[in-house]
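# Report on the structure
Spelled out from the first residue to the last, the chains are:
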Amino acid sequence: MNGGLPERYTVRAGTLDDAQAVTDLMNACAVADMGHPDTDVSEILGDWRTPFGDPQTNVRLVLDDDRLVGGAGFWAEPPCAYVWAWCRVHPEHKERGIGTYLARWLVVAVREVALPRAPAGIRVSLRQMKPDTDADSHAFLLAQGYKPVRHFLRMGIDLSCTVPLPRFPEGVKVRHFDRATDLPGLVRVEQDIFRDHWGYVPLDFDQDLSMWAHWIDNDPLFDPTLWFLVMDGDDIAAVCLCQAEVPGEPDVGYVRSLGVQRKWRRHGLGLAMLQLAFGEFHRRGKARVTLDVDAESLTGATRLYEKAGMRILWQKTAFELALREGVDLSTQTLSV
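Residues numbered from 1 in each chain as written. Predicted model: local features only at pLDDT ≥ 70, side-chain atom pairs only at ≥ 80, totals over all residues. Heavy atoms only, no water.

This next bit is on helix H2 (residues 41–48). Along H2, the residues classified as buried are Ser42, Ile44, Leu45, Gly46 and Trp48. Contacts made by the buried residues of H2 are with helix H1 (19–34), helix H3 (55–58), strand S2 (59–64), strand S4 (82–89) and helix H7 (205–217). (Buried < 20%, exposed > 50% of the residue type's maximum accessible area, 1.4 Å probe, protein only. Helix = DSSP H or I, 4+ residues; strand = E, 2+ residues; numbered from the N terminus. Contact = heavy atoms within 4.5 Å.)

Our next topic: the environment of Trp314. Assignment of secondary structure puts Trp314 in strand S12 (residues 311–324). Spatially, the C-alpha atoms of Trp314 and Arg111 are 32 Å apart, while their sequence positions differ by 203 residues. Beyond its immediate stretch of four places on either side in the chain, Trp314 contacts Met34, His36, Phe152, Leu153 and Arg154.

Another point: the packing of aromatic side chains. One pass over the full model with this rule turns up 9 aromatic pairs. Here the aromatic rings of Phe52 and Trp75 are separated by 5.6 Å at their centres, their planes lie at 80 degrees, and the arrangement is edge-to-face. Of this pair, Phe52 sits in the loop between H2 and H3 while Trp75 is found in strand S3 (residues 67–75), placing the two residues 23 residues apart along the sequence. Using a relative accessible area of 17% as the deciding quantity, one classes Trp75 as buried. Considering the side-chain rings of Tyr82 and Trp84, the 5.9 Å spacing of their centres and the 85 degrees angle between planes classify their relative orientation as edge-to-face. Residue classification places Tyr82 among the partly exposed residues on the basis of a relative accessible area of 23%. Every member of this aromatic cluster is reached through a ring pair, and the members are Phe177, Trp212, Phe222 and Trp227. (Phe/Tyr/Trp six-rings, centres within 6.5 Å; stacked < 30°, edge-to-face > 60°.)

Next up on the list: the sheet that holds strand S1 (residues 9–13). Sheet strands line up and pair through hydrogen bonds in the backbone, either parallel or antiparallel. Reading across the sheet, the 12 strands line up as S1-S2-S3-S4-S5-S12-S6-S11-S10-S9-S8-S7 and stay open at both edges, with mixed pairing between neighbours. Each edge of the open sheet carries a strand with a single partner, namely S1 and strand S7 (173–176). Averaged over neighbouring strand pairs, the angle between their axes works out to 25 degrees when direction is ignored. Two elements, strand S6 (residues 147–158) and S12, share 9 bridges in a ladder whose sense is antiparallel. Paired with Phe152 across the strands is Lys316, a residue of S12. Packing against the sheet, helix H6 (residues 179–194) makes contact with S7, strand S8 (227–232), strand S9 (235–243) and strand S10 (252–260), and its axis sits at approximately 95 degrees to S9. (Pairing = 2+ DSSP bridges. Axes fitted to C-alpha atoms, helices over the stretch in contact; angles between N-to-C directions.)

We now examine H6. Every α-helix winds through 3.6 residues per turn, so residues three or four apart in the chain are directed the same way. The first and last C-alpha atoms of H6 sit 21 Å apart over 16 residues, in line with the 22 Å expected at 1.5 Å per residue. Remark: the principal bend of H6, roughly 30 degrees, maps to Gly185. Of the positions making up H6, those classed as buried are Asp182, Leu183, Leu186, Val187, Val189, Glu190, Gln191, Ile193 and Phe194. Here the buried face of H6 lies against S7, H7, S8, S9 and S10. The backbone nitrogen of Ala180 lies 2.9 Å from a side-chain oxygen of the residue at the head of H6, namely Asp178. (Expected span 1.5 Å × (residues − 1). Bend = angle between axes of the 7 residues up to and from the residue. Polar contact = N/O pair within 3.5 Å; in protein donor to acceptor, adjacent residues only side chain to side chain.)

To continue, consider the pairing of S4. With 6 bridges joining them, S3 and S4 adopt antiparallel strand pairing. Of the residues in S4, the one forming a bridge with Gly73 is Trp86. Count of turn residues in the S3/S4 antiparallel hairpin: 6 residues, of which Cys80 carries a positive phi of about 60 degrees. As defined by bridge partners, S4 adjoins strand S5 (residues 124–131) across 4 bridges and the pair is classed as parallel.

The structure is reproduced here in structure tokens:
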């Protein structure tokens with residue numbers, strides 16, 4: 001069944017064997033919208049090899065003969081307060097009803113898969129992220145009933161100049177992450193730090209720990225020498241987790257996660273960690289370092305990054321479609 005699409009198209013669920021074709025589709029769309037690829041096949045496989053991204057239930061593909069020309073999927077991890085989705089149509093196949101078909105499928109599939117995993121009485125929403133250069137997708141989502149709820153920035157710094165040496169406050173030490181011993185402590189700290197970030201939803205610790213282990217063990221870019229822990233005795237005061245390159249941009253280093261425990265904020269740790277990362281990437285011959293940040297960060301992260309010399313490269317907008325009203329589990333404001 002092709003749901004009213006032109007007869008030339010066929011529709012089916014995804015399989016692990018489709019990961020490379022989906023990666024190619026996403027990158028074709030990224031090149032059209034932003035000028036460069038942005039997805040690696042390992043990211044797709046990493047998600048699909050979990051029960052929360054199962055391609056049989058969570059992915060739908062549209063094909064023209066054997067060529068993938070459209071697709072959509074979603075991540076349904078309990079408590080499913082919000083469900084992140086992706087939807088792509090190849091630039092050569094737009095305006096043929098593919099996007100409309102996939103948008104409708106997403107709503108039905110998320111209701112079937114995610115709502116049963118969500119506790120009774122909580123608000124559930126479907127979210128998609130689109131670059132601001134993709135005006136067509138913005139207009140399409142608005143027409144489908146989505147609302148823009150947040151803006152996110154890609155910020156970067158060129159490493160052509162001298163990078164300042166980091167200055168850490170007294171009483172802390174910096175060391176690399178040890179996969180064998182540090183993972184549970186790191187996950188607890190990440191949960192504590194990111195409770196102060198807009199949109200954060202508390203996750204079951206064992207579930208979260210399992211997902212971290214899965215991603216680390218299946219990520220070809222994982223490099224523990226780029227994961228820095230700032231230690232206050234035996235406690236992790238702050239983290240700076242980096243990867244050696246960005247999909248489609250091998251000369252760019254990326255800061256995946258930067259966070260400071262509440263009691264250590266306003267002591268210069270954030271700036272020092274950024275400068276530490278910049279210096280390490282400079283030594284490795286990278287031309288630039290980038291990261292992503294909430295444009296209205298509740299903790300003032302954007303001001304920190306600007307102080308470190310980073311500038312805005314581009315912006316994405318998060319769109320939301322409410323599927324069930326109820327108690328909102330996500331962080332909206334900074335608690336005291």
